[in-house]
Amino acid sequence: MSEQAVKSAPGSNRRDELLKIAAELFASRGFKNTTVRDIADAAGILSGSLYHHFDSKESMVDEILSTFQNELFGAYAEIVAGSADPRAKLEAAVRVSFEAIDRHRNEVAIFQNEADYLGTFDRFAYLSDRNLQSRDVWLTLLGEGVRHGTLRQDLDVELVYRFIRDTVWVAVRWYRPGGKLSHHDVADQYLTILLDGITA
């Protein structure tokens, strides 16, 4: 996009386009390895023009992550508060997670790769809070499943939570939107393995 095109775009569209470019660079190169000039060059504008919209790359990644996580945790909250049975809630949470990887691959990759580093700064303290919130969501759903007899009574819900956390989100490293498998296909297979096992 040329500097003139960026300048002539509506304000909100301009910010969105710059954030999209920044997210792609942060995800592919790493946050520490991406400079403001890199983002400006990719957008076809001068570095000074970028500062009209954001005061730093930290502000950019903050907006990228907070916007994505607000959407994700809003979806989780609706599932937890819903009236569906425990298995349906668990399935819905898994599907929402894979949909997030499909729709927000860069944002997920940034969080997976950069959360520990960014969490050392006060402005990103909410990332740790989100990790705790995520744990609460999954433990709540798993606990409901055990209490209602949907899941085994001897289930170690903490262990299962860690398994889900580590096996779902790592898919961002190999899943490609538009590839052979849709996120619906991946979620279907994952849920079959998680809830029904892999033995014949």
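See the structure above.
1. Here we look at the overall build of the protein chain
And then number 1: Along the protein chain, the regular secondary structure elements total 10 helices and zero strands.
And then number 2: Counting from the amino terminus, the protein chain carries its helices and strands in the arrangement α-α-α-α-α-α-α-α-α-α.
And then number 3: Overall size of the protein chain, expressed as C-alpha extent along the three principal axes, is 60 × 40 × 30 Å.
And then number 4: Classification of the 200 residues of the protein chain by burial places 42% in the buried group.
And then number 5: Considering only contacts within the protein chain whose residues lie at least 6 apart along the sequence, 70% involve residues at least 24 apart.
And then number 6: As presented, the protein chain carries roughly 11000 Å² of accessible surface, and 50% of it is formed by carbon and sulfur atoms.
And then number 7: Distance from the positive charge centre (23 side chains) to the negative charge centre (30 side chains) of the protein chain: 3 Å.

2. Points about the nonpolar core
And then number 1: Among the nonpolar cores identified, the biggest contains 59 residues, and Phe 26, Met 60, Tyr 76, Phe 98, Ile 101 and Trp 138 are the most heavily contacted of them.
And then number 2: Within the residue set of this core, elements represented by two or more residues are helix H2 (11-29), helix H3 (36-43), helix H5 (57-81), helix H6 (86-103), helix H7 (105-118), helix H8 (125-147), helix H9 (157-169) and helix H10 (183-196).
And then number 3: Sorting elements by how many residues they give to this core places H5 first, with nine residues.

3. Quick notes on the packing of H8 against H9
And then number 1: In the contact formed by H8 and H9, the axes pass within 9 Å of each other and the chain directions differ by 125 degrees. In terms of axis orientation, H8 runs oblique to H9. Our pair here, H8 against H9, has a crossing hand that is right-handed. Together, Asn 131, Ser 134, Arg 135, Trp 138, Leu 139, Leu 142, Gly 143 and Val 146 of H8 and Val 157, Glu 158, Val 160, Tyr 161 and Ile 164 of H9 make up the contact between the two elements.

Thresholds, definitions, all that
Residues numbered from 1 in each chain as written. Predicted model: local features only at pLDDT ≥ 70, side-chain atom pairs only at ≥ 80, totals over all residues. Heavy atoms only, no water. Helix = DSSP H or I, 4+ residues; strand = E, 2+ residues; numbered from the N terminus. Buried < 20%, exposed > 50% of the residue type's maximum accessible area, 1.4 Å probe, protein only. Contact = heavy atoms within 4.5 Å. Areas by Shrake-Rupley, 256 points an atom, 1.4 Å probe, with all protein chains shown as cover. Lys, Arg positive; Asp, Glu negative; His and termini not counted. Charge placed at Lys NZ, Arg CZ, Asp CG, Glu CD. Core = buried A, V, L, I, M, F, W, Y, C linked by side-chain atoms within 4.5 Å. Axes fitted to C-alpha atoms, helices over the stretch in contact; angles between N-to-C directions. Parallel < 35°, antiparallel > 145°, perpendicular 65-115°, else oblique. Left-handed = near helix turned anticlockwise from the far one by under 90°.

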